[in-house]
Amino acid sequence: MKFFIDTANLDQIREAQSLGVLDGVTTNPSLMAKEGIIGEKNILKHYVDICNIVDGDVSAEVIAVDLKGMIKEGEALAKLHPQIVVKIPMIEEGVKALKYFYDAGIKTNCTLVFSVGQALLAAKAGATYVSPFIGRLDDNSTDGLTLIEEIRLVYDNYAFETEILAASVRHTMHVVNCAKLGADVMTGPLSAIKGLLKHPLTDIGLAQFLADHKKGN
Ligand code: E4P
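Residues numbered from 1 in each chain as written. Predicted model: local features only at pLDDT ≥ 70, side-chain atom pairs only at ≥ 80, totals over all residues. Heavy atoms only, no water.

Across its full length, the protein carries 11 helices and 8 strands. A compact globule built from 217 residues should have a C-alpha radius of gyration of about 17 Å, and the protein, at 19 Å, falls within 12% of that. Seen along its three principal axes, the alpha-carbon backbone of the protein occupies a region of about 70 × 40 × 30 Å. Within the span of the protein, comprising 217 residues, buried residues form 46% of the whole. Sequence-distant contacts in the protein: of pairs separated by 6 or more residues, those separated by 24 or more amount to 56%. When the accessible surface of the protein is summed, it comes to about 11,200 Å², and 57% of that surface belongs to carbon and sulfur atoms. (Helix = DSSP H or I, 4+ residues; strand = E, 2+ residues; numbered from the N terminus. Rg over C-alpha atoms; globule rule 2.2 N^0.38 Å. Buried < 20%, exposed > 50% of the residue type's maximum accessible area, 1.4 Å probe, protein only. Contact = heavy atoms within 4.5 Å. Areas by Shrake-Rupley, 256 points an atom, 1.4 Å probe, with all protein chains shown as cover.)

Following this line, the structure appears as structure tokens:
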């Protein structure tokens, strides 16, 4: 399972990268705004800065909602750096854009996916990644993990190559459960990744080992 971090915060990206288990980054316009990255020039520079920190794929989202605009923006984003993956919303024009970029050999991440039907369309259109937003489904009394399970089943039925990128991951158990269900990738906050480290028996056991070692020396 690949680990992506879902942030535009360079310090957090550096910290995740230093763990040695980071495979990529996802961003979205809200995450960029949260870091105060405003204006086209600054946004494009920020994507390059992120690419220079990590080794893997970096999702950069288009703002246009018409096909022509998505193609123009997506091509400009893809030219920024070889690690850029163009993030396209799951709308009718977006499906056309996914197919366009597939034919052009440009990687895509289909975002804002909330149903199996949408995921099926994204795969048919040749998306590299599909991003079901599990946390936002949970927020709306719908089990996000069930969506991961169902998309896995459908994709396996037809051997679709589109990777399931579990998005809107909010906590560590989301990561664990997505792994159990066979999501190819998860993207979440640094806290969800670092939470995987924690177990009180590890801390108690280590303290005991160190104390015993001290006694014997
Ligand atoms: C995915 O690529 C999105 O950036 C993200 O996971 C959305 O998460 P949120 O629901 O926590 O905003």
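Read on for the rest.
With that out of the way, let us pick up a nonpolar patch on the surface. Taken together, the side chains of L206, F209 and L210 define a hydrophobic patch exposed on the protein surface, amounting to about 350 Å² of accessible area. On the secondary structure map, F209 appears in helix α11 (residues 200-215). Looking at F209, the relative accessible area reads 60%, which means it is exposed. (Patch = residues over 30% accessible without salt bridge, like charges linked within 9 Å, V, L, I, M, F, W, Y side chains within 5 Å. Salt bridge = Lys/Arg side-chain N within 4 Å of Asp/Glu carboxyl O.)

Another aspect to go through is the packing of helix α4 (residues 67-80) against helix α5 (residues 92-104). In contact at an axis separation of 9 Å, α4 and α5 are set at 40 degrees when each is read in the N-to-C sense. Relative to α5, the element α4 lies oblique. Regarding α4 and α5, the two cross each other, and that crossing is right-handed. Where α4 abuts α5, its residues L67, M70, I71, G74 and E75 lie against E93, G94, K96, A97, Y100 and F101. Partitioning the contact of α4 with α5 into residue classes produces 6 nonpolar, 2 polar and 3 charged. (Axes fitted to C-alpha atoms, helices over the stretch in contact; angles between N-to-C directions. Parallel < 35°, antiparallel > 145°, perpendicular 65-115°, else oblique. Left-handed = near helix turned anticlockwise from the far one by under 90°. Nonpolar A, V, L, I, M, F, W, Y, C, P; charged D, E, K, R; others polar.)

What follows is about the sheet that holds strand β7 (residues 163-166). A barrel is described by the order of its strands in space; here 8 strands give the closed sequence β1-β2-β3-β4-β5-β6-β7-β8, paired in parallel fashion. Recorded for the sheet is a direction-independent mean angle of 30 degrees between the axes of neighbouring strands. As paired strands, strand β6 (residues 129-132) and β7 are joined by 2 bridges and run parallel to one another. Opposite V130, over in β7, you have I164 as the bridge partner. (Pairing = 2+ DSSP bridges.)

Taken together, D6, T26, N28, K87, F133, R136, A167, S168 and R170 make up the full set of residues adjacent to the ligand. Here an oxygen atom of the ligand sits 2.6 Å away from a polar atom, N or O, in the side chain of S168. Here the ligand has 340 Å² of accessible area as a free molecule, and 86% of this is covered by the chains. The residue makeup of the shell around the ligand, split by class, is 2 nonpolar, 3 polar and 4 charged. (Near = heavy atom within 4 Å. Polar contact = N/O pair within 3.5 Å; in protein donor to acceptor, adjacent residues only side chain to side chain.)

Glancing now at α11. An ideal rise of 1.5 Å per residue puts 22 Å on 16 residues; α11 measures up with 23 Å between its terminal C-alpha atoms. With 0 of its 16 residues buried, α11 lies for the most part at the surface. (Expected span 1.5 Å × (residues − 1).)

As a further point, take the nonpolar core. Among the nonpolar cores identified, the biggest contains 57 residues, and I13, I88 and Y155 are the most heavily contacted of them. Among the elements that make up this core, the one with the highest residue count is helix α8 (residues 144-158) (6 residues). Grouped together as the second largest cluster of nonpolar side chains are 7 residues, Y129, F133, A167 and V185 included. (Core = buried A, V, L, I, M, F, W, Y, C linked by side-chain atoms within 4.5 Å.)

If you walk through the whole model with that rule in mind, you get 12 salt bridges. Among the ionic pairs, R152 bridges to D156, the shortest N-O distance being 3.1 Å. Within this pair, R152 and its partner D156 are both found in helix α8, separated by 4 residues, close to a single helical turn. Judged by its relative accessible area of 14%, R152 falls in the buried class. A salt bridge links R152 to D184, with the nearest nitrogen and oxygen atoms 3.1 Å apart. On the criterion of sequence distance, the pair formed by R152 in helix α8 and D184 in the loop between α9 (172-181) and β8 (185-188) is long-range, its members being 32 residues apart. Shared partners join several salt bridges into a network, and the residues in it are R152, D156 and D184.

In short, geometric facts, not functional conclusions.
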